[in-house]
Structures are given as structure tokens and as C-alpha cells.
Amino acid sequence: FLLFIGSGGILLLIPISYFLAGKSLQPIKETFENQKKFIADASHELRTPLTVIQTNVEVLKLKEDEVLKDNIRWLNNISLESETMAHLVSELLLIAQADNKKVIMKKEVFDLSALCAEIIDLMFDVARENEIALKGSIAEGIDYKGDEERIKQAIRILVDNAIKYTPGEGTVTLSLTMTKRNVCIAVKDTGVGLTEEAKKKIFSRFYRVDDARNREKGGVGLGLSIADMIVKQHNGKIKIDSVPDQGSTFTIVLPKTILK
Ligand code: ADP
């Protein structure tokens, strides 16, 4: 801001940007445009399951004199779609909170080795249903100070993706190692892999490499942007090594924390 005393002695506050060329407003414009695009994309994603819910409710209404047992199929559709929506809405909320710097990460010591083992247990059946062997290579006794629930969410996103984007008879390996400065949680798959182009965009919101194929897999392209946000809030980063048609390794690198 610049300060001015006007002719009538009135104090004027003039934003500095007023004096600068249009070019300097570009980042503000871009942010505004991104924000608008985000809201548009988000409402689009929310509308689709809503339409399905509404159609199913209409069907139920028309069949009001039939026994409920016969209509269980419609009710199941409703509950599945509502679940999808609830999940999506909570992801959107988390992103919106992160944008407004309102996400508070806990700082508590927890057993990261046990957490990784728990994730393997949790995801084992899903992997098997998809004909994927889920393996673990976990260093024992690694404690970490951070937000356990959020770190769990980030690792689950990577394992979930590895399973989704690996064809049957593939392998997904979750490993935990420690170096001098960092703890590394790597999720390696033998799946479809990523091009250099895709790697650059992969953390963007709503980005999907192949829209049609990925919609079948149930993703909306928010998972990695959430994982990235969580890891960044812990001062870490996610590294990607990937070769198309050969597989990918996503590694969460977290700086060692002081356990006090
Ligand atoms: P989605 O919910 O669609 O999985 P993500 O943000 O988690 O969204 O991932 C973005 C896109 O990155 C995915 O749609 C997929 O195309 C690609 N992707 C993510 N993980 C992998 C992986 N392990 N192997 C290949 N492609 C992946």
C-alpha cells in the first residue's frame, strides 16, 4: 500500500498493484482462475453421484406398494453412491482446509513399523480380490513423530493406487527403511507405469492419466494431491520412479523427527 494525503486532507490508501502493469496481476488472476476451475470440477464430481441417488429414490417412490425386500437393490445403489459422495466431500473439505491453512497436524510419537504392518493387513484382501500379491519389507522398531491418522491416509492412498493401476497377477510391495536423515516408505508396483508428462501433472487436483479407464477404477484424481499435502505438512516429499508398462515406485521421504 502507498499512503497519500488528498487535497481535502483525506488519507488515501492505494494498493501498490494499482500502479503496476497488468502483467504483475497475472499470478492473482491465475490463482482466481484455478480456484474457479477447482469449484467447477468439484461440483461436477458431486453432481454425478447425486443424480444416481435421485433417480434411485424416484424408482423407490414409484414402487411404494411393493415389499421393501424387492427393492433392496435400489437401496444398495443409494448407499453405495452416498458413500462415494461422503468420501469425496471429506477429501474436498480437507483440501479446502489445507488451502485456508486450517489443517492441523498432530505431533505424537507412534510406531511407524506397526502402522505399515497394519496397512498391509487392512489392504491384503482388496489386493487378493484384484489378483495382486501384497508384500511387505518393513524395518522393525521405527518410531516417528507426526500425525498418525494422516500418515496412514497418505500411505493407504499410495497402496490403493498401486493396486488399482496394476493388472492381475502383479505384485505390490510396501517397504519401510531408515537412512541417516530420513524415514522412507516406498510403494512399488508392477503396474501400468507413468510417462514423464504424467509424472509432472500427477499431484494436480482432479488429474487422471486416462479419464475413461480411471473412472472405471473409481478414482476422481484427488488421492495423490491429498497424500502430497499431508507429506508436505510433515516437511517431507513424495518421489516417483516409474517406467511405462513396467511399474512405479512412489516413495514418501520424511525427515527424521526428534522424538521428544
Ligand atoms: P485417482 O483417484 O484417480 O487414483 P490420484 O490422485 O490418486 O487419483 O492419482 C492420479 C492419477 O495418477 C491416477 O488417475 C492414475 O492415472 C495415476 N496413478 C496414480 N498412481 C499410479 C500408479 N501406482 N501407477 C500408475 N498410475 C498411477
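That block above? That's the structure.
Now for a description of the structure that goes with this document. Note that the coordinates shown come from a computational prediction; the quantities given were computed from them, not determined experimentally.

Our next topic: the layout of surface pockets. Each pocket or cavity is described by its volume, and for the second largest pocket that value is around 210 Å³. As for the second largest pocket, its lining consists of T31, N34, Q35, K37, F38, D41, D99, R205 and F206. Residue classes in the lining of the second largest pocket are distributed as two nonpolar, three polar and four charged.

Our next topic: the pattern of salt bridges. Applying the stated criterion across every chain yields a total of five salt bridges. R128 serves as the salt-bridge partner of D125, at 3.2 Å between the closest nitrogen and oxygen. One end of the pair, D125, and the other, R128, are both in helix α3 (residues 112-129), three residues apart, so they sit about a helical turn from each other. Here D228 and K232 are joined by a salt bridge, their closest N and O atoms 2.9 Å apart. Residue D228 and its partner K232 are both found in helix α7 (residues 223-233); the two are separated by four residues, about one turn of the helix.

Glancing now at the packing of helix α4 (residues 148-164) against α7. It is at 9 Å that the axes of α4 and α7 come closest, and there the two elements cross at 145 degrees. α4 and α7 meet at a crossing whose hand is left-handed. For the pair α4 and α7, the contacting residues are R150, I151, Q153, A154, I157, L158 and N161 in the first and G223, L224, I226, A227, I230 and V231 in the second.

Criteria and thresholds
Residues numbered from 1 in each chain as written. Predicted model: local features only at pLDDT ≥ 70, side-chain atom pairs only at ≥ 80, totals over all residues. Heavy atoms only, no water. 1 Å grid on protein atoms, 1.4 Å probe; cavity = no way out; pocket = protein on both sides within 12 Å on 5 of 7 lines; lining within 4 Å. Points joined across faces, edges and corners; volume = space filled by probe spheres on them. Nonpolar A, V, L, I, M, F, W, Y, C, P; charged D, E, K, R; others polar. Salt bridge = Lys/Arg side-chain N within 4 Å of Asp/Glu carboxyl O. Helix = DSSP H or I, 4+ residues; strand = E, 2+ residues; numbered from the N terminus. Axes fitted to C-alpha atoms, helices over the stretch in contact; angles between N-to-C directions. Left-handed = near helix turned anticlockwise from the far one by under 90°. Contact = heavy atoms within 4.5 Å.

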